[in-house]
Amino acid sequence: MDLSPPDALDETATQPLLICEHCDTVHRRGPLAKGEVAECARCGAVLERCRGMGANALLALILTALVVFVQATLWPIVTLGLNGQYVDATLWDVIHTMWLDHSQVVAVLAALTLFVFPLCKIFMLGWLLLYARSGRRAPGFRRLMVALHHLGPWTMSEVFVLGALVSIVKAHLYFDVLPDPGIYAYAGLMLLITLFAGVDLTRLWDETRGESP
């Protein structure tokens, strides 16, 4: 990625520019081959990555993530057994138990980071990609792109899966613990979220035109 000095900006006004969000250095945006990463010439921060998948492939992954998300939410996560008695629990059973156990703050945070935020991210990405397939910008494109940028760190399904696995190992010392389909669905969702984390969605600014009102 070539660095554009200030006195050359007028000459490259028609060329796409890229600004480093860490040091504000302005670069000329160039084409990236599959697997390539553009780095800032001044601070070395990652500016963008080549998005190997098109809008159709990304939309298919989003629909897959939605199906897996519904399964992870509705299916039991784990079954605990003691003295021949077994009880299973879904995500909402766990959140409801925490609420009744006077842990309302933790219950609200769990509901937001494990249900509300991931679901919002899935719907927003799906809405943007549905229009991006034909090279158009979806209604509310600008606001949704900004919201996705701020929402990214708050989807914590991968943290939940790791915490659940640790809890299952520890609880096995006292109970009969049986992992249920919900925990596997969350593991699949974790992989999909990790995959999307490596996709550079900023390319949608260049690949779409004509923002709707």
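If you're wondering where the values come from, they're calculated on a predicted model, not measured in any experiment.

Caption draft 1: Region of interest: the environment of Val106. With respect to the helices, strands and loops of the structure, Val106 is situated in helix 3 (residues 104–132). When the C-alpha atoms of Val106 and Ile95 are compared, they prove to be 8.4 Å apart, with 11 residues separating the residues in sequence.

Caption draft 2: Representation of empty space enclosed by the protein within the structure. Inspection of every chain in the model, using the stated rule, returns one cavity of 30 Å³ or more. Put simply, the largest cavity is a space of about 110 Å³. In terms of lining residues, the largest cavity is bounded by Ile62, Ala65, Pro118, Lys121, Ile122, Leu125, Leu189, Leu192, Ile193 and Phe196. Secondary structure elements with two or more residues in the lining of the largest cavity: helix 1 (55–74), helix 3 and helix 6 (181–197). Across the lining of the largest cavity, the residue classes break down as nine nonpolar, no polar and one charged.

Caption draft 3: Helix 4 (residues 141–151), seen in detail. Burial in helix 4 covers these residues: Phe141, Leu144, Met145, Leu148 and Leu151. End-on view of helix 4: buried residues confined to an arc of 130°, all on one side of the axis. In helix 4, the exposed positions that point more than 90 degrees away from the buried face belong to Arg143, His149 and His150.

Caption draft 4: Just the sheet that holds strand 5 (residues 78–82), in detail. Read across the sheet, three strands follow the order 6-5-8 without closing on themselves; strand pairing throughout is antiparallel. The open sheet terminates on both sides in strands that have one partner only, identified here as strand 6 (85–89) and strand 8 (176–179). For this sheet, the mean inter-axis angle between neighbouring strands, taken without regard to orientation, is 20°. Here strand 5 pairs with strand 8 via four bridges, running antiparallel. For Thr79, the partnering residue across the bridge sits in strand 8 and is Leu178.

Cut-offs used in this document
- Residues numbered from 1 in each chain as written.
- Predicted model: local features only at pLDDT ≥ 70, side-chain atom pairs only at ≥ 80, totals over all residues.
- Heavy atoms only, no water.
- Helix = DSSP H or I, 4+ residues; strand = E, 2+ residues; numbered from the N terminus.
- 1 Å grid on protein atoms, 1.4 Å probe; cavity = no way out; pocket = protein on both sides within 12 Å on 5 of 7 lines; lining within 4 Å.
- Points joined across faces, edges and corners; volume = space filled by probe spheres on them.
- Nonpolar A, V, L, I, M, F, W, Y, C, P; charged D, E, K, R; others polar.
- Buried < 20%, exposed > 50% of the residue type's maximum accessible area, 1.4 Å probe, protein only.
- Arc of directions from axis to C-beta.
- Pairing = 2+ DSSP bridges.
- Axes fitted to C-alpha atoms, helices over the stretch in contact; angles between N-to-C directions.

Interpretation note: all reported values are geometric properties and have no functional meaning in isolation.
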